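# Observations on the three-dimensional arrangement
In case you want the letters, here they are:
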Amino acid sequence: MGRNSALVTGEWAESRLGTEGVVFVETGNENTQYLEGHIPGAVWMGWREFQDDPGLGVIGREKFERLLRAKGIGEDDTVVIHSSMSNLFAALVHWYFTLYGHRSVKLLDGGRRKWELDARPLTRDVPHRPPTRYRAAGPDASVRATRDDVIAAIGHRNIVDVRTPEEFTGRIFAPGFAGEAFAPGNNPHELAQRAGHVPGAVNLPWEAAVNADDTFKSDEELAALHAGLDPSLGAITYCWVGARSAHTWFVLRELLDRPDVRNYDGSWAEYGSLIGVPVERGPGGRAPGFLAG
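In the nomenclature of an unreviewed UniProt entry, the protein chain is known as Sulfurtransferase of Streptomyces griseocarneus. Per its UniProt entry, the protein chain bears the Catalytic activity (unreviewed entry) comment "thiosulfate + hydrogen cyanide = thiocyanate + sulfite + 2 H(+)".

## As for the side chain of T237
Relative to the helices and strands, T237 resides in strand β10 (residues 235-238). Under the relative-accessibility criterion, T237 is labelled buried at 0%. Apart from the residues lying within four places of it in its own chain, the contact partners of T237 are V160, S245, T248, W249, L252, R262, N263 and Y264.

## Side note on empty space enclosed by the protein
Following the criterion strictly, the structure yields two cavities of 30 Å³ or more and no others. By volume, the second largest cavity amounts to about 40 Å³. Taken together, N158, L229, D230, P231, G234, A235, L252, R258, P259 and V261 make up the full set of residues lining the second largest cavity.

## Concerning the packing of helix α5 (residues 88-99) against helix α10 (residues 243-255)
Interaxial distance between α5 and α10 falls to 8 Å at its minimum, and their mutual angle equals 70°. Relative to α10, the element α5 lies roughly perpendicular. When you trace α5 past α10, the crossing you get is left-handed. Across the interface between the two elements, L88, F89, A91, L92, H94, W95 and T98 of α5 pack against A243, R244, A246, H247, W249, F250, R253 and E254 of α10. Grouping the constituent residues of the contact of α5 with α10 by class yields nine nonpolar, three polar and three charged.

## Here's the deal with α5
Compared with an ideal rise of 1.5 Å per residue, which puts twelve residues at 16 Å, α5 spans 17 Å between its outermost C-alpha atoms and is within 8% of the ideal. Extensive coverage of α5 is indicated by the burial of twelve of its twelve residues. Within α5, the full set of buried residues consists of L88, F89, A90, A91, L92, V93, H94, W95, Y96, F97, T98 and L99. Just past α5, the residue G101 takes up positive phi, approximately 75°.

## Section: helix α4 (residues 61-70)
Looking only at α4, the buried set comprises F64, E65, L67 and L68. The buried residues of α4 occupy an angular sector of 165° when the element is viewed end-on, so they sit on one face. More than 90 degrees from the buried face of α4, the exposed residues found are E62 and A70. On its buried face, α4 is in contact with α5. The first or second residue beyond α4 is G72, which carries a positive phi of 75°.

## Remarks on the sheet that holds strand β1 (residues 7-8)
Reading across from one edge, β1-β5-β4-β2-β3 is the order of the five strands in this open sheet, with parallel pairing throughout. One side of each edge strand has no neighbouring strand; the edge strands of this open sheet are β1 and β3 (43-44). Strands in contact with α5 are β4 (78-82) and β5 (105-108); relative to β5, the strand with the most contacts, it is inclined by about 175°.

Rules and cut-offs
- Residues numbered from 1 in each chain as written.
- Predicted model: local features only at pLDDT ≥ 70, side-chain atom pairs only at ≥ 80, totals over all residues.
- Heavy atoms only, no water.
- UniProt positions renumbered as here; feature names shortened; annotations may be inferred.
- Helix = DSSP H or I, 4+ residues; strand = E, 2+ residues; numbered from the N terminus.
- Buried < 20%, exposed > 50% of the residue type's maximum accessible area, 1.4 Å probe, protein only.
- Contact = heavy atoms within 4.5 Å.
- 1 Å grid on protein atoms, 1.4 Å probe; cavity = no way out; pocket = protein on both sides within 12 Å on 5 of 7 lines; lining within 4 Å.
- Points joined across faces, edges and corners; volume = space filled by probe spheres on them.
- Axes fitted to C-alpha atoms, helices over the stretch in contact; angles between N-to-C directions.
- Parallel < 35°, antiparallel > 145°, perpendicular 65-115°, else oblique.
- Left-handed = near helix turned anticlockwise from the far one by under 90°.
- Nonpolar A, V, L, I, M, F, W, Y, C, P; charged D, E, K, R; others polar.
- Expected span 1.5 Å × (residues − 1).
- Arc of directions from axis to C-beta.
- Pairing = 2+ DSSP bridges.

Set out below in structure tokens:
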């Protein structure tokens, strides 16, 4: 896809405020910041609105359609997504839109932080867009990896663990139900029974791809960062629950135009609790092209 197609700048976005056919979406954990001030015309879509279908992880196609209809988004609209935290949740929501075949979806480079640093306009007015008749495609299996895909990929494909080195090596520990359980930081809500990583995975922490102002690094820097991943082998990205790995998925697939890149949204919260699957602990491997920080 490439940077010019996958990203928009603040200048581009500000010049298109109020333009028919362009819908700005802010996302994140909760809408507190959004209510305090947001891009004029932007709608709020919390990332958890795209989850919670039993047995599926992400919402099914019909629920995705109902969500977008209620938000006033049409099939032909260009959707521009942004969030705080280096566009972490924006990349995940972008992945949901791609999973269900939306034709034109982009990220606002730098997200909320860059927009505020540039003193661009904010408003507290919450827009009310008329409902649409949105029809989705998919889900597109070419952008999503399952646990079976991950197991089959061991030793055959690039498997990219984008968590912190502490999570990757298995040093993160939190007491939980059923004896010992592992979770990033002190989050007691999403636990795994084992710590470590998928055998053969390389540890490329997701935040290495962004600058201090939350914009993405240059194409040359991103290519160097991921140079150790053989493009011919494809790639599966994972983290804890698929959010950080969606950010790296976006970098590899949308910015670097790598073929066959899939996000494992089940990630370690699922894999770390599976019975009988191989798990490694310790430093493991690292892609030779990885540049720290």
